Amino acid sequence: MSCFQGLLFCPEAASLLLHNFCIYHISPPGHELGAAPISANTPIPSVDNLADQVADVLDFFGLGSVMCFGVTAGAYILTLFASKYRERVLGLILVSPLCKGPTWTEWLYSKVTSNLLYYYGMCGLVKECLLQRYFSKEVRGFAELPESDIVQACKSLLDQRQSMNMWRFVQTMNERYDLTEQLKLLQCRTLIFVGENSQFHTEAVHMTSKLDRRYCALVEVQACGSLVTEEQPHAMLIPMEYFLMGYGLYRPSQLDCSPRSPLSPFCISPELLSPESMGVKLKPIKTRLRLEV
C-alpha cells in the first residue's frame, strides 16, 4: 500500500487509473492490514510460489488477462508471472524493477535486515535499512532537512506489519534468481520507471536492454529514489498515458471523457508537457513504443 498511495492520491493519475480500470491490489502473504502472524511451521514460499499465487488470485476473481503494475520486489514477481503466464498479461508497468539475482552486497545487506527483523522486530534500524531502498536522501531527510510526510507515512505502515511475516518475504526475495532469460519469453509491452538515485537503477537499465525495444520504454526520473510512485507521481502521467493509448484506451470525443481525465488532450496541463518542469529525464518513448495495437 505504501508504494501506491502517492500515485493514487494524485488527482490526475487517479483519474487516469481509477476512471478507466478496476484495480486489484495484491499484497505478499501476511502483509495485508490486520494480518495475523504466519505459523513458523509454514514453509517460506519461493518467488515461483508467489508468481503462481498471482494466478490463483486472478482465478478467484474470474479475471482473464490483466495489466500488471508492480514496484521493486512486486515488479519482479509480476515479471516472473508474465513470463510463466504469458497469455494472461496484456502489459507491464514496472517501477524500479528487480530482474537479477541479488549481488553479494545486497544479499549480505538483506541478511542483516532479516536477522534484525527476526530478533528485534520492526526496530528503528530495520526501518532505516528499508527506507534507504525506497527513497532518495532528500526525501528521507538529514540534519538540516526534516524527513518528508511520505516517509513518515511509510514508517507508520511499517509499524503495522507483522515482523515475522516481513522476515519471510525478505528471505524469499533474497533467494530470487536471474530473470534475464525469462525476459525473452515476454509477449507484452512494458513501461519501466526508475529513479536515478534508486538502488535498482542498474537493474532497470539492464532489463530494458534485454527487452524488445519495439515494445519497451524506459523513463528515468531525476532526483528520485526507487518509489517514483511516491516521490514524483506526476512524472508518470504522460508516459502512462502514451502507454495506455497503445491499447486503444482513449475517449474518442470530448463529451465522452471525464473532465479530469489526462487521456483527454484538452485536459493536459501545458506545464506537464515540459520534462524540465517535472525534473524528469525521459528516454525517447515515442521511438521505443509503438502506439498501434
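A quick note: this is a predicted structure, and the numbers were derived from the prediction, not measured.

Below, the discussion takes up the pairing of strand β3 (residues 189-195). Counting buried positions over the seven residues of β3 gives seven, a clear majority of the element. Of the two faces of β3, both are covered, the one formed by R189, L191, F193 and G195 as well as the one formed by T190, I192 and V194. Here strand β2 (residues 89-95) runs beside β3; their pairing, made up of five bridges, is parallel. Residue G91 lies in a different strand from β3, and its bridge partner there is R189. Across six bridges, the pairing between β3 and strand β4 (residues 216-221) is parallel. By the bridge assignment for β4, L191 is matched with A217. Taking the sense of rotation as the criterion, the β-α-β connection linking β3, helix α11 (residues 201-210) and β4 turns out right-handed.

In this structure, S114 sits in helix α5 (residues 104-120). Residue S114 is classed as buried on the basis of its relative accessible area of 1%. Setting aside chain neighbours within four positions, we find S114 in contact with W167, V170 and Q171.

Okay, the pairing of strand β1 (residues 66-71) next. For β1 and β2, the ladder comprises six bridges, and the chain directions are parallel. Across the sheet, the residue bridging to F69 is I93, located in β2. The parallel pair β1 and β2, bridged by helix α4 (residues 73-84), forms a crossover whose chirality is right-handed.

Even without glycine at this site, T72 takes up a positive phi of about 45 degrees. Inspection of the secondary structure assignment puts T72 in the loop between β1 and α4. Here the phi dihedral of A223 falls at roughly 50 degrees; this positive angle occurs in a residue that is not glycine.

With that settled, consider helix α13 (residues 237-245). In terms of burial, α13 is largely enclosed, as seven of its nine residues are buried. Taken as a whole, α13 has its buried residues at L237, I238, P239, M240, E241, F243 and L244.

Attention shifts here to the packing of helix α2 (residues 11-18) against α13. Running from N to C, α2 and α13 cross one another at 15 degrees; their axes reach a closest spacing of 10 Å. When the axes of α2 and α13 are compared, the pair comes out roughly parallel. Two packed elements cross with a definite hand, and for α2 against α13 that hand is left-handed. Touching E12, A13 and L16 of α2 are L237, M240, E241 and L244, all from α13. Tallied by class, the residues present in the contact of α2 with α13 amount to five nonpolar, no polar and two charged.

For the rest of this paragraph, the subject is the environment of P45. As for its position among the elements, P45 is in the loop between α2 and α3 (47-60). Classification of P45 as buried rests on a relative accessible area of 17%. The spacing of P45 and P29 is 16 residues in sequence and 9.1 Å in space, taken between C-alpha atoms.

This part is about the pattern of salt bridges. As enumerated under the stated definition, the model contains nine salt bridges in all. Put simply, K84 and D48 hold a salt bridge, and the shortest N to O gap is 3.3 Å. One end of the pair, K84, is in helix α4; the other, D48, is in helix α3, with 36 residues separating them in the sequence. What makes D48 partly exposed here is its relative accessible area of 24%. Note that R176 is salt-bridged to E106, the shortest N-O span being 2.9 Å. Of this pair, R176 sits in the loop between α9 (163-174) and α10 (180-183) while E106 sits in helix α5, and the two are 70 residues apart along the sequence. Overall, R176 belongs to the buried group, its relative accessible area being 5%. Judged by its relative accessible area of 13%, E106 is buried. Taken together, the shared-partner salt bridges connect D48, D52 and K84 into one network.

About the cut-offs
- Residues numbered from 1 in each chain as written.
- Predicted model: local features only at pLDDT ≥ 70, side-chain atom pairs only at ≥ 80, totals over all residues.
- Heavy atoms only, no water.
- Buried < 20%, exposed > 50% of the residue type's maximum accessible area, 1.4 Å probe, protein only.
- Helix = DSSP H or I, 4+ residues; strand = E, 2+ residues; numbered from the N terminus.
- Pairing = 2+ DSSP bridges.
- Right-handed = clockwise from strand over helix to strand, strands pointing away.
- Contact = heavy atoms within 4.5 Å.
- Axes fitted to C-alpha atoms, helices over the stretch in contact; angles between N-to-C directions.
- Parallel < 35°, antiparallel > 145°, perpendicular 65-115°, else oblique.
- Left-handed = near helix turned anticlockwise from the far one by under 90°.
- Nonpolar A, V, L, I, M, F, W, Y, C, P; charged D, E, K, R; others polar.
- Salt bridge = Lys/Arg side-chain N within 4 Å of Asp/Glu carboxyl O.

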